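Observations on chain architecture
Chain residues, written in single-letter form:
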Amino acid sequence: QGVLALSQTEPLIISVWHNRLLLLPPAFSLCFPHRRNVGLISASKDGDIVAMVVEHFGHGTIRGSTSRKAVIALRQLVDSLGQGINVLITPDGPRGPLYEVGQGIIYVAQKSGAAVVPMDLEFGSAWRAKSWDGFFVPKPFSKVRIIFGAPLHVPKTNGPEEFESERLRVQKAMMDVVEQA
């Protein structure tokens, strides 16, 4: 079953690398107009700006990151999925390391039972910021491709080794989507 069809029957955890999130609010509006969506956004000053843009497009926000309000944000993400709301997570943000999935997305997937869907935005032409993640800023009139990977269900694990194995499986699936573009 395709991601867009699946999203009509169940909420999803959409996972996008931090450096590709600039056009996510309109992409979410286009791809998931029939379901409420919330994004996990850093509880920082920079996050305030991102939250304003996301909310301008009609999506909700949950504020938190590994360094601030993490536990509360993770619970809110699980609760949102339980209410039928899609959640968006940038698992390597807001500070990296680049292209490394953090533990939070695995926790949310295990607690909620929702599938993780790798998503990538590829730009025909873009500038790269001189930031930790080489943030993509698409040039005007650049073509944008939205690519979804196969939904991944993350089973409950027994111990740190199994948890790490699941984290690496999600990370590989996300890199596979980027590499196919």
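As the structure is a prediction and not an experimental result, all values here were calculated from the model.

**Brief notes about the packing of helix α4 (residues 70-82) against helix α5 (residues 103-112)**
Direction vectors running N to C along α4 and α5 enclose 40°, while the axes themselves pass 9 Å from each other. Taken together, the axis directions place α4 and α5 in an arrangement best described as oblique. In the packing of α4 onto α5, the handedness of the crossing is right-handed. Residues Leu74, Leu77, Val78 and Leu81 of α4 form the contact with α5, whose participating residues are Gly104, Tyr107, Val108, Lys111 and Ser112. The residue makeup of the contact of α4 with α5, split by class, is six nonpolar, two polar and one charged.

**Things to note about the sheet that holds strand β8 (residues 144-148)**
One open sheet accounts for six strands, arranged β3-β2-β4-β1-β5-β8; its pairing is mixed. The strands lining the two open edges of the sheet, one partner per strand, are β3 (60-63) and β8. Strand-to-strand twist across the sheet, computed as the mean angle between neighbouring axes with direction ignored, equals 25°. Alignment of strand β5 (residues 115-123) against β8, held across five bridges, turns out to be antiparallel. Opposite Leu121, over in β8, you have Ile146 as the bridge partner. With respect to the sheet, α4 is in contact with β1 (12-15), β2 (37-41), β3 and β4 (86-89), its orientation differing from that of β3 by roughly 150°. On top of the sheet, α5 reaches β1, β4 and β5; it is set at about 165° to β1, its chief contact.

Conventions and cut-offs
Residues numbered from 1 in each chain as written. Predicted model: local features only at pLDDT ≥ 70, side-chain atom pairs only at ≥ 80, totals over all residues. Heavy atoms only, no water. Axes fitted to C-alpha atoms, helices over the stretch in contact; angles between N-to-C directions. Helix = DSSP H or I, 4+ residues; strand = E, 2+ residues; numbered from the N terminus. Parallel < 35°, antiparallel > 145°, perpendicular 65-115°, else oblique. Left-handed = near helix turned anticlockwise from the far one by under 90°. Contact = heavy atoms within 4.5 Å. Nonpolar A, V, L, I, M, F, W, Y, C, P; charged D, E, K, R; others polar. Pairing = 2+ DSSP bridges.

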